[in-house]
Amino acid sequence: MGKSQYVVVMLACLWLPSTLCQTSSPQHEQLKFRLAGYPRKHNEGRVEVFYSGEWGTICDDDFTLSNAHVLCRHLGFVEALSWSHSAKYGAGTGEIWLDNVMCSGSETSIDKCLSRGWGNSDCTHEEDAGVICKDERLPGFLDSNIIEVINRMEKVRLRPLSAAHAARMPVTEGVVEVKYKEGWSQICNVGWTARNSRVVCGMMGFPSERIQAKKPNSHRSVYRIHSVACSGNEAHLSACTMEFSTNTSSACPGGGPVVVSCVPGPQFSNGRGRKSKLNHSKVRLKGGAKAGEGRVEVLKGSEWGTVCDDLWNLQSASVVCRELGFGTAKEALTGARMGQGMGPIHMNEVQCVGDEKSLLKCPHKSITAENCKHMEDASVKCNIPYMGFEKTIRLTGGRTQLEGRVELLAPNASSLEQWGLICGDGWTSREAMVACRQLGLGHASSGLSETWYWDSSNVTEMVMSGVKCRGDEMTLSDCQHHHVVSCKRAGAQFSAGVICSDSASDLVLNAPLVEKSVYIEDRPLHLLYCAAEENCLSKSAVRANWPYGHRRLLRFSSEIHNVGRADFRPRLGRHSWVWHECHRHYHSMDIFTHYDLLDLNGTKVADGHKASFCLEDTDCHEGISKRYECANFGEQGITVGCWDTYRHDIDCQWIDITDVKPGNYILQVVLNPNFEVAESDFTNNAMRCNCKYDGNRIWLHKCHIAINNNLI
């Protein structure tokens, strides 16, 4: 509006079943919005409005998706997916501020929509309206409840200086342009500083700026912004002070358009050189589907721990992002939005200025168990450079855009690019994880090695085979694969497919419990018939003098936590589970864990395995209800925030070490070893302990989760 005062304009009322007027908030009134109710996710809930010093609700009469779009933008989301009526998220309290709201969907504020007027309603709270917003934040979003709609920058980009610059990914240098309704405009470079460039580079996904930038080629400039002044620590250019021009032809006397040059992080340097990692960083992100997002974890001493979300903001989150080679933070997430961590919580009330080189350098408090719980773990979504990875991969034949046969754009024998298939041999959920990441579709739900039921494309040639991924790669071409395509099974029906999802489970073993519960038992053979039937003894047991004698067993308890954002469920339905008469239970997975005893060179000297006797919720964190129970052929799984405990005293919860000589060893436990069920993170599925065996007793120490086969 250009003035600080609101002008209340009374329009002619429309005569409908209810008298509707275009409403406006009173002078100096600043509306606030929030989502409330239970149960709900962070992007859905009952809409509550703070007006005239009091929170209230909105009635669902005449409510539409257009209303929801306006409200979701108020809440910081790009748009609405749907809305709800009849107090789906519970009845609110206090005033019902708005009724018979009718928006077109383009309004910048709900008070620009038609309604009966503020506080004029004939509804009860059983008619409270709710919204479900798309889980994508508006750029320049400043507050969890308040959106500044005046002079908000819709989009900022770097226009490459030439066609040659545009062809190289990522684009690190260009003219800064800001999107307005009438098109793109430039920023006047008079008074422009390196601090301003640092903010722009951060938005583009780069951790820092170059001092010198090239001059742009001749290009007609339309100037809308000048006199920009940033501190350098802002997460978005809209947070800097600046002036706006209406006379675009003379807005930059003696100057030209702003050009910035940015320094990419090591994982994005030189186009294809993306495999460079920040291996020695004491900060990492876990649980995110995309590069540059996840739960924040820091290394103190020899132990990784999480960060509590008290006072967590964009400045602190941006320090994390830049430390890891990304740009500034798009979002500073609270409430364990990327899943709950395990182990210690190292930091609380982190208050970074924004120019710190590491999160550990920021002022913070060390905490005790009373201060924070893992349900308050902080996480981030960082700005990352646009690389165009999604242009070389697509899905075909699926029922939705989240599933289908994977096709890659690759050079053919004539060096021309064409779409082709991936051989399904050895394709697992770990490879599917990378495919879904490259597609920008989140996590993998399933990796399929046969896709005969998705045969809707005329693409038949295999262009990649032997794919083997770690799971953290950005593209399938970053994974190991054959240089020459070799596929055991011919035909498009044996090509790889995926089903993607916005969430995934994540299993982690409670390592300290293994260390505390370990012991040796000499168990009589006559008690081991069922275990022998299920191959839980070493091969030499076949030659034993049954039922006389015994086997020496290394026993321990396993407590397996699901710290992801989706329940861990067996890949096969109940109709495919195998009944074992001897133990009288169903196995929902053939191999759920591997137990190995290794010598110090990594050679296996004894092993065991654990079929999923019963996947169920043994216990859960406070406030989370158990969902899975094996009794009476019940559904099997592990709920988010719960854990399944295999006690040391049940069959096959051991390694048969009858033939092992005294010495020093490594005990290794690997969850979901065949990647049969998709998870958000496979790098934390293994645990290792140093092990000393004197022939009669055993000691474990330094039990830790192993990351990529390296002790942490």
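Description of the structure in this document. A quick note: this is a predicted structure, and the numbers were derived from the prediction, not measured.

All right, on to the overall build of the protein then. Broken down by element type, the protein carries seven helices and 43 strands. When each of the 712 residues of the protein is scored for burial, the buried share is 53%. Entry remark: accessible area of the protein is about 33,100 Å², with carbon and sulfur atoms responsible for 50%.

Within the open sheet, the four strands sit side by side as E29-E32-E38-E37. Their pairing is antiparallel. Strands with a single pairing partner mark the edges of an open sheet, and in this sheet they are strand E29 (507-509) and strand E37 (619-620).

Okay, the environment of Trp546 next. If you trace the backbone, Trp546 turns up in the loop between helix H7 (529-533) and strand E31 (550-555). Note on Trp546: relative accessible area 22%, which makes it partly exposed. For the pair Trp546 and Leu525, spaced 21 residues apart in sequence, the C-alpha separation works out to 6.3 Å. Sequence-distant contacts of Trp546, that is, excluding residues within four places in its chain, are made with Leu525, Leu528, Tyr529, Ala532, Leu537 and Ala541. At a separation of 2.8 Å, a polar atom in the side chain of Trp546 contacts the main-chain carbonyl oxygen of Ala541.

Now for the packing of aromatic side chains. Enumeration according to the criterion identifies 12 aromatic pairs in this entry. Ring geometry for Tyr51 versus Trp118: centroids 4.1 Å apart, planes at 10°, classification stacked. Of this pair, Tyr51 sits in strand E4 (residues 44-51) while Trp118 sits in the loop between strand E8 (114-115) and strand E9 (130-133); the two residues are 67 residues apart in sequence, bridging distant segments of the chain. The class of Trp118 is buried, set by a relative accessible area of 15%. Seen from their ring centres, Tyr529 and Trp546 are 5.0 Å apart, and the 50° between their planes marks the pair as tilted. Within this pair, whereas Tyr529 is found in helix H7, its partner Trp546 is found in the loop between H7 and E31, the two being separated by 17 residues in sequence. The class for Tyr529 is partly exposed, based on a relative accessible area of 43%. An aromatic cluster is built from Tyr51, Trp97 and Trp118, whose rings are joined through pairwise contacts. The ring of Trp55 is capped by Arg34, whose NZ or CZ atom sits 3.9 Å from the centre of that ring.

With that settled, the discussion passes to the state of the cysteines. Working definition of a disulfide: a covalent bond connecting the sulfur atoms of two cysteines. All chains considered together, the criterion is met by 15 disulfides. Bridging Cys423 to Cys487, the disulfide has an S-S length of 2.0 Å. Where Cys423 bonds to Cys487 through sulfur, the torsion about that S-S bond is close to 80°, and the disulfide is right-handed. Here Cys423 is found in the loop between strand E25 (417-422) and helix H5 (429-439), whereas its partner Cys487 is found in the loop between strand E27 (462-464) and strand E28 (497-501), with 64 residues between them in sequence. The disulfide partner of Cys469 is Cys479, and the S-S distance across this bridge is 2.1 Å. Residues Cys469 and Cys479 are joined by a disulfide whose S-S torsion is about 100°; by sign, that bridge is right-handed. You can see Cys469 sitting in the loop between E27 and E28 and its partner Cys479 sitting in the loop between E27 and E28, a full 10 residues away along the chain. Here Cys691 is not disulfide-linked; the sulfur of Cys689 is the nearest cysteine sulfur, at 8.2 Å. According to the relative accessible area criterion, Cys691 is buried, its value standing at 3%.

Quick look at the pattern of salt bridges now. In this structure the tally under the stated criterion is 34 salt bridges. Of the charged contacts, one joins Arg470 and Glu473 as a salt bridge, the two residues approaching to 3.6 Å between their closest N and O atoms. Residue Arg470 is classed as partly exposed on the basis of its relative accessible area of 39%. For Arg551, the salt bridge identified is with Asp656, shortest N-O distance 3.1 Å. With a gap of 105 residues between them, Arg551 in strand E31 and Asp656 in strand E39 (residues 654-656) connect regions that are remote in the sequence. For Arg551, a relative accessible area of 5% corresponds to the buried category. Judged by relative accessible area, which is 2%, Asp656 ranks as buried. A single salt-bridge network, built from bridges that share partners, covers Arg34, Arg46 and Glu48.

Our focus in this paragraph is the environment of Gly388. Following the sequence through the fold, Gly388 ends up in the loop between strand E22 (379-382) and strand E23 (393-397). On the basis of relative accessibility, which here comes to 12%, the residue Gly388 falls in the buried class. Separated by 218 residues in the primary sequence, Gly388 and Pro170 place their C-alpha atoms 8.5 Å from one another.

A separate point is the nonpolar core. Membership of the largest hydrophobic core comes to 35 residues, with the highest contact counts inside it found for Phe592, Leu597 and Met687. Contributing elements (two or more residues each) for this core: E29, helix H6 (511-517), strand E35 (593-598), strand E40 (663-671), strand E41 (686-693) and strand E42 (698-707). Not counting residues within four places of it along the chain, the set of residues in contact with Leu597 comprises Thr603, Lys604, Val605, Ala606, Ile655, Ile657, Val660, Tyr665, Ile666, Leu667 and Cys691.

Here we take up the pairing of E28. Most of E28 is tucked away, with four of its five residues classed as buried. Inspection of the sheet shows strand E24 (residues 403-411) paired to E28 by three bridges, in the antiparallel sense. Along E28, the bridge assignment pairs Gly404 with Val498.

Bringing the sheet that holds E31 into the picture now. Pairing is antiparallel across the open sheet formed by three strands, whose spatial order is E30-E31-E39. Two strands in the sheet have a free side with no partner beyond their single neighbour: strand E30 (519-524) and E39. Averaged over neighbouring strand pairs, the angle between their axes works out to 35° when direction is ignored.

Most of helix H1 (residues 65-74) sits out of view: seven of its 10 residues are buried. Turning to H1, its buried residues number three or more, namely Asn67, Ala68, His69, Val70, Leu71, Cys72 and His74. Those residues of H1 hidden inside the fold are in contact with strand E3 (32-36), E4, strand E5 (54-58), strand E6 (80-84) and E9. One or two residues past the end of H1 sits Gly76, with phi positive at roughly 100°.

Bringing helix H4 (residues 314-323) into the picture now. Counting along an α-helix, one turn takes 3.6 residues, and residues three or four places apart therefore face a common direction. Of all the 10 residues making up H4, eight are buried; the element is thus mostly covered by neighbouring parts of the structure. Among all positions of H4, only Ser316, Ala317, Ser318, Val319, Val320, Cys321, Arg322 and Glu323 are buried. Where H4 ends, the next residue or the one after it, Gly325, has phi of about 90°, a positive value.

This brings us to the side chain of Ser261. Here Ser261 shows up in strand E16 (residues 259-263). Separated by 3.3 Å, the side chains of Ser261 and Glu173 make a polar contact.

This part is about the environment of Tyr586. Position of Tyr586 relative to the elements: it lies in strand E34 (residues 585-587). The spatial distance from the C-alpha of Tyr586 to the C-alpha of Ser576 is 9.8 Å, given a sequence separation of 10 residues.

What counts as what
- Residues numbered from 1 in each chain as written.
- Predicted model: local features only at pLDDT ≥ 70, side-chain atom pairs only at ≥ 80, totals over all residues.
- Heavy atoms only, no water.
- Helix = DSSP H or I, 4+ residues; strand = E, 2+ residues; numbered from the N terminus.
- Buried < 20%, exposed > 50% of the residue type's maximum accessible area, 1.4 Å probe, protein only.
- Areas by Shrake-Rupley, 256 points an atom, 1.4 Å probe, with all protein chains shown as cover.
- Pairing = 2+ DSSP bridges.
- Contact = heavy atoms within 4.5 Å.
- Polar contact = N/O pair within 3.5 Å; in protein donor to acceptor, adjacent residues only side chain to side chain.
- Phe/Tyr/Trp six-rings, centres within 6.5 Å; stacked < 30°, edge-to-face > 60°.
- Lys NZ or Arg CZ within 6 Å of the ring centre and 35° of its normal.
- Disulfide = S-S within 2.5 Å.
- Salt bridge = Lys/Arg side-chain N within 4 Å of Asp/Glu carboxyl O.
- Core = buried A, V, L, I, M, F, W, Y, C linked by side-chain atoms within 4.5 Å.
- Axes fitted to C-alpha atoms, helices over the stretch in contact; angles between N-to-C directions.

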